[in-house]
Amino acid sequence: MRYVTNIGEREYLIEIVDERHIILDGVAYEIDFDAVGDQPVYSLLVDGHSYEAYVYPGEEGWQVLLHGTLYPARVEDERERRLRAALGSHVAERDEYHLHAPMPGLVVSIPVREGQHVEKGDVLLVLESMKMQNELKSPRPGSVARLRVKVGDRVELRQTLLSVI
Amino acid sequence: MFNKVLIANRGEIAVRILRACRELGMQTVAVFSDADRQALHVRYADEAYLLGPAPSRDSYLRGDRIIEIALKSGAGGIHPGYGFLAERADFAQACVDASLAFIGPKPSAIAAMGDKAIARSTVTRAGVPVVPGTEGEGSLSDSELLALAPGIGFPLLVKATAGGGGKGMREVRSIEEMPSLLQAARREAEASFGDGNVYLEKLLEGARHIEIQILADNHGNVIHLGERECSLQRRHQKLLEESPSPFIGDDDELRQRMGAVAVRAAQAVGYVNAGTIEFLVDKDKNFFFLEMNTRLQVEHPVTEMVTGVDIVKEQIRIARGRQMRYSQADLHMNGWAIECRINAEDPYNNFMPSTGRITHILVATGPGVRVDTGVYPGFEISPYYDSLISKLIVWGETRAEAIMRMRRTLEEYKIVGVHTNIPFHQTLMDSHRFMGGQYDTRFVEERFSMEAAEEGKVDRSPIAAILATLAAHRQTKLAAQFISRGERDTSNWKWLSRWERLHR
C-alpha cells in the first residue's frame, strides 16, 4: 500500500511493503511497529533505532507527539489523493465555521451578537471551566450566525455554540 | 492531642496529606463530592464521607458539613490543603469553636494576611518593604480606584482582595481600558471567592517571583526553609518552580536577608504553622513583599527535596502543640529541585483545559523522581475543579543534573486520554534562557512560544511521518476487515463481535 504523508510543508512517499518493511522516499527500512498496552502510545523500531510516540487522530489528520514535539500529519493513500485533487482545495474557504465547546463549562459572556461581523482572532464567547475563564476566538473573518446559547448556560463537550458564516 | 485527621480537600494535595498522616500512624478521614467517588483520596483514606454535588460550593466549600463530619467521625484535626477553605478565617474559627484543631495558622493571622490591604499595612509597620499600590482601604469603589490609578502609575494590576492563583486578576495598561477590566476582575473574584473586592498594585517589569517558606510553632520559634523560584507563570498561574532560585544562586547573604524579613513578616501577625511569604525581586536584587499565603503551597515539595524537611508532617506536629524538630541552624539546602505542574490543558491550543477519561498512564520513575498525583488510569478529569493532575518533582546534585533528569522524566511520562502540558515543559527544558536561569515573570507569555522554540530542535519529521502512516494504515486495515468477505475462516458476524469485545 502506498501513502503520501504531509508534515507541514514536507511530503513523504511511504510504501508499506509488509509488516516489517517500508520504503520511505525510495529508501527501504526494516521496521517494527507496536501499540503499547493497546493504547495510542506506539513503539517504533526503525533499523534498530527506538522511538516512542503518542499518535492520535486530530481535527484533520493525525497528531504525532514525539520527543516533546507535536507533528500534525496528513496521511492519504493514492486513491484519496486523486479524489482530493479532483475536488480541488477551495472547499475549506466556503465552509462555515461552527464553534464547538472544547470542554464542558459555563458560558460567562458572549461579546458578539447575531449578524455581527467579526475578524479572525475576535473573541466570540467566554467559557468558564476548571476555574478558568477561556476566551474562544474566531479562526476566520465572517458574520456571527445561529447563536445557540446564552450567558449562564452550562454546555457539554463539543456542543455547538454558534457559527461564523 | 488528636490522632485522626480530616482532609478537607481533593486531588493530589489530599493524597499528599494522607501519606503524611499514614507515615505518622494517624487515622485519616476523606471527604468527597459526587464527582470524586472514585478519586484516589477516597480510596486511600481510612474513612470517607460524601459532601454533596460536584460544584465546589455544594461540596468542598461546605465548611459546616465538613465540621459536622469531623465531629461525627471523631477526627480531632482538619487539614485544609490549599484552595477551597484553606485561607478562610471564618472556617478556621468555626473549627476552633467546635474544639477541632485547624492544621494551619490562627484565624486572626489568616484574616490579617488574607485581606491583602491589611497585610500590606501590617508588614509595612514591621519594616518590610511593599510594592506600591492601594493599601489599607479595604473595599474601594470603581470610581475611587480609577482616581487612585494614575498616582500608582501604569502598567498596574487589579487583584482580588480575597484572591490567589491569578483569579480575579487583570493587567491594566491604560486608564481607558481600566473600567471594563475592573468589571471582569470583580466578576471572576465574586465567582471564585464569593468576594468581589479588588485592589491595585504597581506592576514591576522584569521582576522575579521568589518566595520564602516559613514554619512557626506555638513555642515562639519561627524559621525559614529557604526560597523557591516561581517566576515561570502563565496568566499568573505558576507552571514550574525550583529551589534554590537560580537568581539568588550562591548569594547566601541575600537569601538570609530575605529569610529574616519573611520571619519578621510572620511574627508581625503572630503566625503559627506553615506559611509562605511571596516577594517580587527586581533586577537589582531589591525585594518587595507581595503577599503571604497562609497555607501549604502547591510547590512545597521542591523545598522538601532540598531541605529534607517533610513540611506536612511538621504542620501536623505544630498543630498538636509540639515544638518543631528543626532550628534555623539545622537547615541547609542540599542540591537542586525542580517541579513541573502537569495540567490537563493543551499547549498547542492556547492552553485550553482538557477534560475526559484518563485511559492510560506510563509513570515516570527512577532515581531522584517524585510524582505527587491524585489520578490513575480510568479516572475522569471533570470540569468542576482546577486542571492540575500531577506534580513531577526531580532532585539533582546540581541544577544541570536536575534539568537533565527532568528532561528524561518528562519523556518517560505518558498520560493518555486528556491533553497535558507535558510538551510545554519539554520545550521549556530545551530553552536556552531557562537553562541559563534567565527568566522573569513575563517570560512564558512574552518570550516563549511552542512554535518558535521548535525551530532549534532536532527535526524528526520523517519518523513522525512513518508513525502517522503506520497508525493510519492499521486503522484502514481494521476497517477493511469488515467489508472483505470470505477472506477469513470465521464468519464476519463472529469476527465483528470479537472485535467489539476487544474495543469495549
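Residues numbered from 1 in each chain as written. Chains lettered and ligands numbered in written order. Predicted model: local features only at pLDDT ≥ 70, side-chain atom pairs only at ≥ 80, totals over all residues. Heavy atoms only, no water.

Q: Explain the overall build of chain A to me, please; I cannot follow it from the model alone.
A: In terms of regular secondary structure, chain A is built from two helices and 16 strands. Over its C-alpha atoms chain A spans a radius of gyration of 21 Å, topping by over 25% the 15 Å that the globule rule assigns to 165 residues. Expressed as lengths along the three principal axes of its C-alpha atoms, the size of chain A is roughly 55 × 40 × 20 Å. Across the 165 residues of chain A, 41% fall into the buried class. Considering only contacts in chain A between residues 6 or more positions apart, those separated by 24 or more positions represent 40%. Taking the 19 positively charged and 28 negatively charged side chains of chain A as two groups, their mean positions are separated by 8 Å. (Helix = DSSP H or I, 4+ residues; strand = E, 2+ residues; numbered from the N terminus. Rg over C-alpha atoms; globule rule 2.2 N^0.38 Å. Buried < 20%, exposed > 50% of the residue type's maximum accessible area, 1.4 Å probe, protein only. Contact = heavy atoms within 4.5 Å. Lys, Arg positive; Asp, Glu negative; His and termini not counted. Charge placed at Lys NZ, Arg CZ, Asp CG, Glu CD.)

Q: Explanation requested: the side chain of Thr355(B) in the structure shown.
A: Structurally, Thr355(B) is set in the loop between β16 (352-353) and β17 (356-357). Its relative accessible area of 12% is what places Thr355(B) among the buried residues. With residues up to four places along the chain from it excluded, the contact list for Thr355(B) reads Met103(A), Pro104(A), Met130(A), Ile381(B), Ser382(B), Pro383(B) and Val418(B).

Q: Help me out: how do you make sense of the pairing of strand β14 (residues 336-343) of chain B in this one?
A: Every regular strand shows the same layout, with side chains that alternate between the two sheet faces. Residue and element names in this part refer to chain B. Most of β14 is tucked away, with eight of its eight residues classed as buried. Where burial is concerned, the two faces of β14 agree: the one with Trp336, Ile338, Cys340 and Ile342 and the one with Ala337, Glu339, Arg341 and Asn343 are both buried. Note: strand β11 (residues 237-243) against β14, four bridges, orientation antiparallel. In the strand pairing of β14, Glu242 is matched with Ile338. (Pairing = 2+ DSSP bridges.)

Q: Help me understand the pairing of strand β6 (residues 49-57) of chain A, please; the structure alone is not making it clear to me.
A: Residues and elements named next belong to chain A. Across six bridges, strand β5 (residues 41-46) lies against β6 in antiparallel orientation. Within the sheet, the bridge partner assigned to Val46 lies in β6 and is His49. Looking at chain direction, β6 and strand β7 (residues 62-66) are connected through five bridges and run antiparallel. The residue of β7 that forms the bridge with Tyr56 is Gln63.

Q: How should the confidence of the model for chain A be read in this particular structure?
A: The predicted structure's coordinates, where accompanied by low pLDDT, should not be read in detail. Summarising the model, chain A shows a mean pLDDT of 88, and 95% of its residues fall at 70 or more. When mean pLDDT is compared element by element in chain A, strand β3 (residues 21-24) of chain A scores highest at 96, while helix α2 (residues 91-94) of chain A scores lowest at 50. (pLDDT = per-residue confidence, 0-100.)

Q: Explanation requested: the sheet that holds strand β13 (residues 287-293) of chain B in the structure shown.
A: Across a sheet, strands are paired by hydrogen bonds formed along the backbone, either parallel or antiparallel in direction. Residue and element names in this part refer to chain B. Strand order in the open sheet made by the eight strands is β13-β12-β9-β10-β11-β14-β21-β19, with antiparallel pairing throughout. Edge positions in the sheet fall to β13 and β19 (369-373), since each has one partner strand and no second. Within this sheet the neighbouring strands show an average axis-to-axis angle of 25 degrees, counted without direction. Inspection of the sheet shows strand β12 (residues 273-281) paired to β13 by six bridges, in the antiparallel sense. Bridge pairing in β13 links Ile277 to Met292. (Axes fitted to C-alpha atoms, helices over the stretch in contact; angles between N-to-C directions.)

Q: What should I look at first to understand the packing of helix α1 (residues 11-23) of chain B against helix α11 (residues 311-319) of chain B in this one?
A: In a pair of packed helices, the angle between the axes and the distance between the axes together describe the arrangement. All names here are of chain B. Where α1 meets α11, the closest approach of the two axes is 9 Å, and the angle between their N-to-C directions is 65 degrees. Here α1 runs over α11; the crossing is right-handed. Residues Arg16, Ile17, Ala20, Cys21 and Glu23 of α1 touch α11, and the partners they reach there are Ile311, Val312, Lys313 and Ile316. (Left-handed = near helix turned anticlockwise from the far one by under 90°.)

Q: What is the right way to look at the packing of aromatic side chains in this model?
A: The description of an aromatic ring pair rests on the distance of the ring centres and on the angle between the ring planes. All names here are of chain B. Counting across every chain of the model gives 14 aromatic pairs over all chains. Seen from their ring centres, Phe351 and Phe424 are 5.5 Å apart, and the 75 degrees between their planes marks the pair as edge-to-face. Here Phe424 lies in helix α13 (residues 422-430) and Phe351 lies in the loop between β15 (345-346) and β16, a separation of 73 residues in the sequence. Note on accessibility: Phe351 and Phe424 belong to one class, buried. On the numbers, 6.2 Å between centres and 55 degrees between planes, the contact of Tyr384 with Tyr385 is tilted. Relative accessible area serves as the criterion here: at 32%, Tyr384 is assigned to the partly exposed category. (Phe/Tyr/Trp six-rings, centres within 6.5 Å; stacked < 30°, edge-to-face > 60°.)

Q: It is not clear to me how the confidence of the model for chain B should be interpreted in this structure. Could you clarify?
A: Taken residue by residue, chain B gives an average pLDDT of 91. The fraction at 70 or more is 94%. ipTM for the predicted complex: 0.77, alongside a pTM of 0.83.

Q: Could you clarify how one ought to interpret the pattern of salt bridges in this entry?
A: Working definition: two side chains of opposite charge can pair if their charged atoms are close together. Residue and element names in this part refer to chain B. One pass over the structure, following the stated rule, counts 48 salt bridges over all chains. Residue Lys391 pairs with Glu12 through a salt bridge whose shortest N-O separation is 3.0 Å. Here Glu12 lies in helix α1 and Lys391 lies in strand β21 (residues 388-396), a separation of 379 residues in the sequence. Judged on exposure class, the residue Lys391 and its partner Glu12 are both buried. Residue Asp252 pairs with Arg255 through a salt bridge whose shortest N-O separation is 2.9 Å. Residue Asp252 and its partner Arg255 are located together in helix α9 (residues 252-268), separated by three residues, close to a single helical turn. Arg255 gets classed as buried once you look at its relative accessible area, which sits at 8%. Several salt bridges share partner residues, and in doing so they unite Arg16, Glu23, Glu304, Asp310, Lys313, Arg370 and Asp372 into one network. (Salt bridge = Lys/Arg side-chain N within 4 Å of Asp/Glu carboxyl O.)

Q: For this particular structure, what's the right way to read unusual backbone geometry?
A: Glycine aside, a negative phi is what most residues show, and trans is what most peptide bonds show. Look at the link from Phe154(B) to Pro155(B): it is a cis peptide, with omega at 0 degrees. When you line up the elements, Pro155(B) lands in the loop between α7 (142-152) and β6 (156-160). Cis geometry marks the peptide bond from Ser243(B) to Pro244(B), where omega comes out at 0 degrees. You can see Pro244(B) is positioned in the loop between β11 and α9. Backbone geometry places His67(A), a non-glycine residue, at a positive phi of 50 degrees. For His67(A), the location among the structural elements is in the loop between β7 and β8 (69-77). One non-glycine residue, Arg158(A), adopts positive backbone phi at about 70 degrees. Looking at the element boundaries, Arg158(A) is found in the loop between β15 (154-155) and β16 (160-164).

Q: How should the sheet that holds strand β14 (residues 142-145) of chain A be read in this particular structure?
A: Taking strand neighbours across the sheet as the criterion, the four strands line up as β9-β16-β14-β11 (chain A) in an open arrangement whose pairing is antiparallel. Single-partner strands in this sheet number two, and they are β9 (97-100) and β11 (117-118) of chain A.

Q: What is the right way to read the side chain of Gln297(B) from this model?
A: Residue and element names in this part refer to chain B. Tracing the chain through its elements places Gln297 in the loop between β13 and α10 (300-307). The buried category is assigned to Gln297, whose relative accessible area is 1%. Reaching out from Gln297, the side chain makes a polar contact with the side chain of Glu211 at a distance of 3.2 Å. Residues in contact with Gln297, not counting those within four places in the same chain, are Tyr82, Glu211, Arg228, Lys238, Thr276 and Glu278. (Polar contact = N/O pair within 3.5 Å; in protein donor to acceptor, adjacent residues only side chain to side chain.)

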